[in-house]
Amino acid sequence: MSGSLIVVGTGIRAGHLSQEAISAVRTADAVAYCIAEPLTRLLVDELRKEAAKPVAEDLHRFYADGKPRTQTYHQMVARILELVRLDLQVAAVFYGHPGVFAYPSHESIRQARAEGYPAEMLPGISAVDCLFADLGVDPATAGCQMLEATDFLLRRRHLDTACGVVLWQIGCVGHGDYQGSGYDLRYIPMLVEALLAFYPPEHEVVVYQAAHFAMCDPIVECVAIAEMLKASITAVSTLYIPPLLVPAIDSQVLKKFDIATFRGTEG
Ligand SMILES: C[S@@+](CC[C@H](N)C(=O)[O-])C[C@H]1O[C@@H](n2cnc3c(N)ncnc32)[C@H](O)[C@@H]1O
C-alpha cells in the first residue's frame, strides 16, 4: 500500500498559496481540487504542467443545482479515496483553509487513516484570517465565537455577546442544496429575528467578503442588524458581529497574577 493523502489549502486568492502547498501540488501523483477562484485553479494547472504531471481533476463537477451539498461532499470523499487506493500520492486541494468549515477534507483524512494510508493536512489562509486583517479585529481583545449560520438557528445556539461573533455561510442559511447562481435569502429574516434575541436592532454588524483577487478591495458593508437584508449577501458572505460589552476584569483574580494590568492582547 503506497498510497497517501495530503489535503492542501490554497487560501482565498492566488497569492495565498504557500510554498509547502505549491510543493505538494507539484509532487503529487494525482491532484483533485475544489477551488472557487479561477486564477488559483489556473495556477494549480500551471504547476502541474511545469512539473510534467497529469492534469488535476476538478471535484466541482459533483455539484449540481438543487442537489444536496452533503451528497456532493460524499462523492468528493469517495473520489479522493478511490485515487488513494490506486496507490497514488494524492493531493486534495481546497480553497481557504482546508480544515475550516470544510467537511470533505476532514472526512477524506479520517477515512484514509482508517484504511491505513498516511494522511495529513496543510493549513491555508481562511476567509476568517482575511476578515481579521481587513476589519482590524484581533480575537485576543474580546474573544471570538464562530458558528455556521444554519447550525446556529437549528440548534438554537447561545451567542456570547461579549465576544466578537463570526457567522459563516449566511448566504445559504436554511438551504441544504447547491445553487450555482446564488441562494434566495428567504431565511435571512429568521436569522435576523434570532440575532435580535441577543442584540439591539441598531447594533451594527459587518457583511464581509474578502477580495478574491490581488489589487481588489474587500466588500465591507456595515448595517444595523435589523437592516441586514439591505446588504448584498452572497454565497461567500461572512457576518461579523462586534462585541456589545466586554466584561470588566475581576480585580480579585488580577491581584493573584503577577501583572499590573491586562488588556487581553498581551498574549
Ligand atoms: C464551505 S465554507 C469554506 C470556508 C473556507 N474553507 C475557508 O477557510 O475560508 C464557505 C463559507 O466561507 C466563507 N467565505 C468563503 N469565501 C469567502 C470570502 N471571499 N469572503 C468572506 N467569507 C468567505 C463564507 O461564510 C462561505 O459561506
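The name an unreviewed UniProt entry assigns to the chain is Gll0032 protein, from the organism Gloeobacter violaceus.

Draft legend 1. Representation of the nonpolar core within the structure. Membership of the largest hydrophobic core comes to 25 residues, with the highest contact counts inside it found for L5, L59, M76, I80 and F94. Those elements giving two or more residues to this core turn out to be strand 1 (4-9), strand 2 (30-34), helix 3 (69-85), strand 4 (89-94) and helix 4 (103-114). Counting residues per element, this core draws most heavily on helix 3, which supplies seven residues. When residues of this core are assigned to domains, at least three map to each of domain 1 (4-122) and domain 2 (127-241). Residues in contact with L5, not counting those within four places in the same chain, are I80, V84, V90, A92, S108, I109, A112, P118, A119 and E120. Formed by 24 residues, the second largest nonpolar core is a distinct cluster that contains A194, Y199, V205 and I233.

Draft legend 2. Looking closely at the packing of aromatic side chains. Inspection of every chain in the model, using the stated rule, returns five aromatic pairs. Seen from their ring centres, Y63 and Y73 are 6.5 Å apart, and the 85° between their planes marks the pair as edge-to-face. Of this pair, Y63 sits in the loop between strand 3 (57-58) and helix 3 while Y73 sits in helix 3, placing them ten residues apart in sequence. No difference in accessibility class separates Y63 from Y73, as the two residues are buried. A centroid spacing of 6.5 Å and a plane angle of 40° characterise the contact between Y73 and Y103, whose relative ring orientation is tilted. Of this pair, Y73 sits in helix 3 while Y103 sits in helix 4; the two residues are 30 residues apart in sequence, bridging distant segments of the chain. A relative accessible area of 18% places Y73 in the buried class. Connected via pairs of aromatic rings, a cluster forms that spans Y63, Y73, Y103 and Y178.

Draft legend 3. Seen up close, a nonpolar patch on the surface. A cluster of nonpolar residues, L39, L42 and F213, forms a patch on the protein surface that exposes about 270 Å² of accessible area. The residue L39 is located in helix 2 (residues 38-50) in this model.

Draft legend 4. Structural detail: the packing of helix 3 against helix 4. Where helix 3 contacts helix 4, the axes come no closer than 9 Å and their chain directions differ by 40°. Accordingly, the angle class assigned to the pair helix 3 and helix 4 is oblique. Read as a crossing pair, helix 3 and helix 4 show a hand that is right-handed. Contacts from Y73, H74, M76, V77, I80 and L81 of helix 3 reach helix 4 at Y103, P104, E107, S108, Q111 and A112. Per-class residue counts for the contact of helix 3 with helix 4 are eight nonpolar, three polar and one charged.

Criteria and thresholds
- Residues numbered from 1 in each chain as written.
- Predicted model: local features only at pLDDT ≥ 70, side-chain atom pairs only at ≥ 80, totals over all residues.
- Heavy atoms only, no water.
- Core = buried A, V, L, I, M, F, W, Y, C linked by side-chain atoms within 4.5 Å.
- Buried < 20%, exposed > 50% of the residue type's maximum accessible area, 1.4 Å probe, protein only.
- Helix = DSSP H or I, 4+ residues; strand = E, 2+ residues; numbered from the N terminus.
- Domains from an automatic or database assignment.
- Contact = heavy atoms within 4.5 Å.
- Phe/Tyr/Trp six-rings, centres within 6.5 Å; stacked < 30°, edge-to-face > 60°.
- Patch = residues over 30% accessible without salt bridge, like charges linked within 9 Å, V, L, I, M, F, W, Y side chains within 5 Å.
- Areas by Shrake-Rupley, 256 points an atom, 1.4 Å probe, with all protein chains shown as cover.
- Salt bridge = Lys/Arg side-chain N within 4 Å of Asp/Glu carboxyl O.
- Axes fitted to C-alpha atoms, helices over the stretch in contact; angles between N-to-C directions.
- Parallel < 35°, antiparallel > 145°, perpendicular 65-115°, else oblique.
- Left-handed = near helix turned anticlockwise from the far one by under 90°.
- Nonpolar A, V, L, I, M, F, W, Y, C, P; charged D, E, K, R; others polar.

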